[in-house]
Amino acid sequence: MRNYRKNIGLKRHVLVVDDELINREILGNLLKADYEVHFAEDGQQALDILRARDHIYSLILLDLLMPVMDGFQLLSILKEDDRLRSVPVIVMTSEKDAEVRSIKMGASDFITKPYDMPEVILARCERIIELQEDKSIIHAAEKDHLTGLYTRDFFTEYIRQIESYKPERKMDVMVLNVDHFHLINELYGREQGDQVLICIANTLSRLFERLQGIGCRPSADYFYMYCENGTDYEALFRTLKEDLNSKLPSANVRLRLGVYQDVDKSLTPENWIDRAQAACDRIRGDYSRHTEYYSNEFYEKTKYQEKLINDIDGAIAAKDLIVYYQPKYDITGDRPALRSAEALIRWKHPELGMISPGDFIPLFENNGLIQKLDRYVWQEAAQQVASWKKNFGVSVPVSVNVSRMDIYDPKLRDDFKSLLDRYHLETRELMLEITESAYADNADQLVNVTEELRSDGFMIEMDDFGSGYSSLNMLTSIPLDALKMDMKFIRNMQKDEKSMKLVELVMDIAKFLQVPVIAEGVETEEQLKLLKARGCDIIQGYYFSRPVPPEEFTKFIS
Ligand code: C2E
Ligand code: CA
Ligand code: CA
């Protein structure tokens, strides 16, 4: 800022206001090397000059005793003038009393007459100009041009300052987002978009005093607010909507609020914003809610999940992950006969205790760790089949779960092959369960991969059948060897007619595809009888056994 003038040969303008010619000449000579100097003989003349060309003067040097309009009068007029208020004034006087009075009236500094130390005068002028320019730079960085709210850096800095004065006060942080703001810009134009942002900022600004808060606009369609704990956010939301509807009835604006209440003072303002932001993110795309609160429960869950992710490698190494087996019985004959088993993972965590797969499988499916875990289970299962074969002389095939991610792994077939080689198993001894919903995202690739696996000799069971979206048309092209009916049909089939009809429908589809039906989640004899009567082939469920550790499973074999 300071250098650009020098670079382009611009001098700052200084206005000298004095009724005595000799004083004007002395100051003019003193300043002319560094500044472009203009002159006025009284307050009124000065005011006319200033008003004719506002914004160009960097400094006014003002005599106090003048005819027409004296220095004090001019000072009080400048103070009330929005555009001229920011021009700094140095008062020139020989009276001590006048100094105090003029500083109180808004002068920045004073120079005593007579002018006996030119270098002091020059230094003072320079310093006052610099101070004023710094102040306006700060002002520009402090406020967002469009809305007049603070910028992010100043917002967090002011929070720190407020906190240092009142650390004991309970405070909240809110993050507000305009959903699909770019659409408003595209549909109605940028102008309208700006109006939306201004309207929101105005509403917030109006509320700050009552909520004891401050706010900022850190980026295009985001607003942050820091305010006293106990704020009614539902009411705040309603006020924002009402203002938007009355000022901009055509723009259909959807807002999302994330609130972190009673912020943890041991964390930083940035952390508080992150938490409010996390709450705000959580309801993205959820049109049933507009406000979400950051909760400890939410925080605990995130922390818990992070811990699981961190611990997975150690758990595999320490064998804290244990594979349980649940028997599947063939019920087509007179007496149920053990046919195979499903491998189901359990995590015996040294600190957290037994963790069910429902808590970590979906988490690992989201971040890719599932592949590591699945491979661990496959190898444990293969080893187990081999060991039963050796100890009991019978083969109990085990089905393992194959996740959607595994399907896209080009090494999948080779990995299975080397696993079988290693434990001298037939492909029939390791069956693969693939959930129906996996077929939904990339049916072609899935069909290719399963076709190859089947040509290698693997049996493919479509898991959770009925929960996904397979079309009848697609089913005929998917290579599979069994349908595993989704558990909820069985849970509900005695309660409502529709579920029973769906069970029958699944049987019909299986008959049409010429594959057996496996019913899982069978808990009672009655369920078993109903299913048997409708032609179900294989049963898995608590009726026969829960998933059990391998040592316990031996009782089903012997
Ligand atoms: P799934 O593959 O559909 O497994 C069947 C689930 O039903 C198992 O829950 C089993 O314990 C439970 N179950 C079996 N019989 C009954 C019954 O009669 N009543 C009730 N209420 N439940 C029964 P689990 O072991 O908690 O596994 C849940 C899910 O976690 C599995 O659903 C599967 O999707 C996933 N999972 C488990 N182990 C693995 C694994 O090694 N790899 C992968 N990718 N996923 C796994
Ligand atoms: Ca399964
Ligand atoms: Ca299942």
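First things first, this report covers the structure right here in the doc. (Residues numbered from 1 in each chain as written. Chains lettered and ligands numbered in written order. Predicted model: local features only at pLDDT ≥ 70, side-chain atom pairs only at ≥ 80, totals over all residues. Heavy atoms only, no water.)

Let us look at the side chain of S340. Along the chain, S340 falls in strand β12 (residues 337-349). Apart from the residues within four sequence positions on either side, S340 is in contact with Q326, P327, K328, V396, P397 and M431. (Helix = DSSP H or I, 4+ residues; strand = E, 2+ residues; numbered from the N terminus. Contact = heavy atoms within 4.5 Å.)

Glancing now at a nonpolar patch on the surface. There is a patch of nonpolar side chains on the surface, built from L183, L187 and Y188 and spanning about 300 Å² of accessible area. By secondary structure assignment, the location of L183 is in helix α8 (residues 181-188). (Patch = residues over 30% accessible without salt bridge, like charges linked within 9 Å, V, L, I, M, F, W, Y side chains within 5 Å. Areas by Shrake-Rupley, 256 points an atom, 1.4 Å probe, with all protein chains shown as cover. Salt bridge = Lys/Arg side-chain N within 4 Å of Asp/Glu carboxyl O.)

Four donors placed tetrahedrally about a metal ideally form angles of 109.5 degrees, and six donors placed octahedrally ideally form angles of 90 or 180 degrees. Protein coordination of the calcium ion (ligand 3) is provided by D463 (OD), D464 (OD) and E520 (OE), with donor distances spanning 2.0 to 2.3 Å. Motif for the calcium ion (ligand 3), donor spacing along one chain: D-D-x55-E. In this model, the calcium ion (ligand 3) sits 4.1 Å from the calcium ion (ligand 2), the two metals being bridged by D463. (Donors = N, O, S within 2.8 Å, 3.2 Å for Na, K, Ca; no water.)

Here the focus is the coordination of the calcium ion (ligand 2). Bound to the calcium ion (ligand 2) on the protein side are E342 (OE), N401 (OD1), E433 (OE) and D463 (OD), at distances that span 2.1 to 2.4 Å. Between consecutive donor residues of the calcium ion (ligand 2), the sequence gaps follow E-x58-N-x31-E-x29-D.

Turning our eyes to something else, we now look at the pairing of strand β8 (residues 222-228). The buried fraction of β8 is high, at six of seven residues. Summarising the sheet, strand β6 (residues 171-178) and β8 pair through seven bridges and their orientation is antiparallel. Residue pairing for β8: M171 is matched across the bridge by E228. The pairing of strand β7 (residues 214-219) with β8 spans four bridges and is antiparallel. For S219, the partnering residue across the bridge sits in β8 and is Y222. Once β7 ends, the chain turns through two residues before running back antiparallel as β8. (Buried < 20%, exposed > 50% of the residue type's maximum accessible area, 1.4 Å probe, protein only. Pairing = 2+ DSSP bridges.)

A word on the packing of helix α14 (residues 370-392) against helix α16 (residues 412-423). The N-to-C vectors of α14 and α16 enclose an angle of 30°; their axes lie 9 Å apart at closest approach. On the basis of the axis angle, α14 is roughly parallel to α16. Along this stretch, α14 crosses α16, giving a crossing that reads as right-handed. Seen from α14, the contacting residues are R375, W378, Q379, A382, Q383 and A386; seen from α16, they are L412, D415, F416, L419, R422 and Y423. Tallied by class, residues from the contact of α14 with α16 come to seven nonpolar, two polar and three charged. (Axes fitted to C-alpha atoms, helices over the stretch in contact; angles between N-to-C directions. Parallel < 35°, antiparallel > 145°, perpendicular 65-115°, else oblique. Left-handed = near helix turned anticlockwise from the far one by under 90°. Nonpolar A, V, L, I, M, F, W, Y, C, P; charged D, E, K, R; others polar.)

Turning our eyes to something else, we now look at the pattern of salt bridges. Taken as a whole and judged by the stated rule, the model has 40 salt bridges. Between R413 and D456 there is a salt bridge whose closest N-O contact spans 2.9 Å. In this pair, R413 sits in helix α16 while D456 sits in the loop between α18 (443-455) and β16 (460-465), placing the two residues 43 residues apart along the sequence. Here the residues in one salt-bridge network are K328, E342, E433, E461, K484 and E520, joined through shared partners.

Strand order in the open sheet made by the five strands is β7-β8-β6-β9-β10, with mixed pairing throughout. On the outer flanks of this sheet lie β7 and β10 (291-293), each paired with one strand and no other. Each strand axis lies, on average, 20° off the axis of its neighbour in the sheet, ignoring direction. Of the strands in this sheet, β6, β7, β8 and β9 (255-260) are in contact with helix α9 (residues 190-211), which crosses β8 at around 10°. Here helix α10 (residues 233-247) sits on the sheet in contact with β6, β8, β9 and β10, set at roughly 155° to β9.

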